[in-house]
Amino acid sequence: MSDDRYGDLETLDLEYPVWDRCFTVAPLVLVGTIDPAGMPDLAPKHMALPLGWDNYFGFVCTPSHATFRNVERTRSFTVTYPRHTDVVATSLTAAPRCDDTKPIVGVLDTFPATEVVGVFVRSGYLFLECALERIVEGFGSNALIAGRIVAAHVDPAALRSSDRDDADILLEVPQLAYLYPGRFAVIDATQAFPFPTGMSY
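Residues numbered from 1 in each chain as written. Predicted model: local features only at pLDDT ≥ 70, side-chain atom pairs only at ≥ 80, totals over all residues. Heavy atoms only, no water.

Moving on to the pairing of strand E10 (residues 142–154). Pairing geometry for strand E5 (residues 56–61) and E10, over six bridges, is antiparallel. Across the sheet, Phe57 pairs through a bridge with Gly147, a residue of E10. As judged from the 12 bridges shared by strand E9 (residues 126–139) and E10, these two strands associate in the antiparallel manner. Bridge pairing in E10 places Glu129 opposite Ala151. Counted along the chain from E9 to the antiparallel partner E10, the turn is two residues long, and its residue Gly140 has a positive phi close to 65 degrees. (Pairing = 2+ DSSP bridges. Helix = DSSP H or I, 4+ residues; strand = E, 2+ residues; numbered from the N terminus.)

This is the structure:
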């Protein structure tokens, strides 16, 4: 083995976050909670992902955010996967609060969850209802909020099935990706991954 490759690389100063120095691809979702007054709160999250291959979902949040406190209090949250056409509305849910409310949330067309307290944004394509599993703190000022999916709903156009080609599904329901920091992409042109023989996803 040779370490010659390091001559072509720039070693980053870890006094600053690595993630601000190059782009990384992530999903962009809306996490829904209910505030102490019983009003819906929605917040965009890109540090969000399935936790393993079973029905668990997690996202990163900080205890100073209302989302964290709402989840801690109600023991639940919702997840809406927005469509690429809703990127502006999704972004506006991150706008600062006015008199402790987010005006954009009142403008969005929402519908209630069935198994947990919370709402979804109607125009999304995948909707998860999550019961709080645990909160793991200690990632600097951040924490991982892990939930167990207790109900899930999907637009039939986005549902994978044996009689539909995956590429056609992604053309019909393109995926919204967030490229941290500060960019987004619409994914509608895809190719099958070249798995080795005997291996699958």
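Scanning all chains against the criterion turns up eight aromatic pairs. On the basis of an interplanar angle of 55 degrees and a centroid distance of 6.0 Å, the ring pair of Tyr81 and Tyr125 is categorised as tilted. Here Tyr81, found in strand E6 (residues 76–81), pairs with Tyr125, found in the loop between strand E8 (119–121) and E9; they are 44 residues apart in sequence, far enough to count as distant. For Tyr125, a relative accessible area of 7% translates into the label buried. (Phe/Tyr/Trp six-rings, centres within 6.5 Å; stacked < 30°, edge-to-face > 60°. Buried < 20%, exposed > 50% of the residue type's maximum accessible area, 1.4 Å probe, protein only.)

A sheet is described by the order of its strands in space; here seven strands give the open sequence E3-E2-E6-E9-E10-E5-E4, paired in antiparallel fashion. Every interior strand has two partners, whereas the edge strands, strand E3 (40–45) and strand E4 (48–50), have only one. Mean inter-strand twist for the sheet, computed between neighbouring axes without regard to direction, equals 30 degrees. Note that strand E2 (residues 29–34) and E6 share three bridges and pair antiparallel. Within the sheet, the bridge partner assigned to Gly32 lies in E6 and is Thr78. Docked against the sheet, helix H1 (residues 66–74) engages E2, E3, E5, E6, E9 and E10, running at close to 55 degrees with respect to E2. (Axes fitted to C-alpha atoms, helices over the stretch in contact; angles between N-to-C directions. Contact = heavy atoms within 4.5 Å.)

This part is about the environment of Ser141. Within the secondary structure layout, Ser141 lies in the loop between E9 and E10. On the accessibility criterion, Ser141 (54% relative accessible area) is exposed. Between the C-alpha atoms of Ser141 and Ser64, which are 77 residues apart in sequence, the distance is 9.0 Å. Excluding its chain neighbours within four sequence positions, the residues that come into contact with Ser141 are Thr62 and Pro63.

Right, let's get into the side chain of Thr93. One can find Thr93 in the loop between helix H2 (87–92) and helix H3 (103–107). The buried category is assigned to Thr93, whose relative accessible area is 0%. Within the structure, Thr93 has its side chain in polar contact with the backbone oxygen of Thr90 (distance 2.6 Å). (Polar contact = N/O pair within 3.5 Å; in protein donor to acceptor, adjacent residues only side chain to side chain.)

The next subject is a nonpolar patch on the surface. A cluster of nonpolar side chains, contributed by Phe193, Phe195 and Met199, occupies part of the molecular surface with about 330 Å² of accessible area. Summarising the element assignment, Phe193 is placed in the segment after strand E12 (183–187). Under the relative-accessibility criterion, Phe193 is labelled exposed at 60%. (Patch = residues over 30% accessible without salt bridge, like charges linked within 9 Å, V, L, I, M, F, W, Y side chains within 5 Å. Areas by Shrake-Rupley, 256 points an atom, 1.4 Å probe, with all protein chains shown as cover. Salt bridge = Lys/Arg side-chain N within 4 Å of Asp/Glu carboxyl O.)

We now examine the environment of Arg73. With respect to the helices, strands and loops of the structure, Arg73 is situated in helix H1. C-alpha separation for the pair Arg73 and Val136, spaced 63 residues apart in sequence, amounts to 15 Å. A distance of 3.1 Å separates polar atoms of two side chains, one belonging to Arg73 and the other to Asn70.

When its volume is computed, the second largest pocket comes out at roughly 790 Å³. Pro44, Lys45, His46, Val60 and His65 are, among the 31 residues lining the second largest pocket, the residues nearest its centre. Sorting the residues of the lining of the second largest pocket by element identifies E3, E5, H1, H2, E10, strand E11 (175–180) and E12 as the ones contributing at least two each. The element contributing the most residues to the lining of the second largest pocket is E3, with four residues. Among the residues making up the lining of the second largest pocket, the classes are represented as 17 nonpolar, nine polar and five charged. (1 Å grid on protein atoms, 1.4 Å probe; cavity = no way out; pocket = protein on both sides within 12 Å on 5 of 7 lines; lining within 4 Å. Points joined across faces, edges and corners; volume = space filled by probe spheres on them. Nonpolar A, V, L, I, M, F, W, Y, C, P; charged D, E, K, R; others polar.)

Nothing here speaks to function; it is all geometry.
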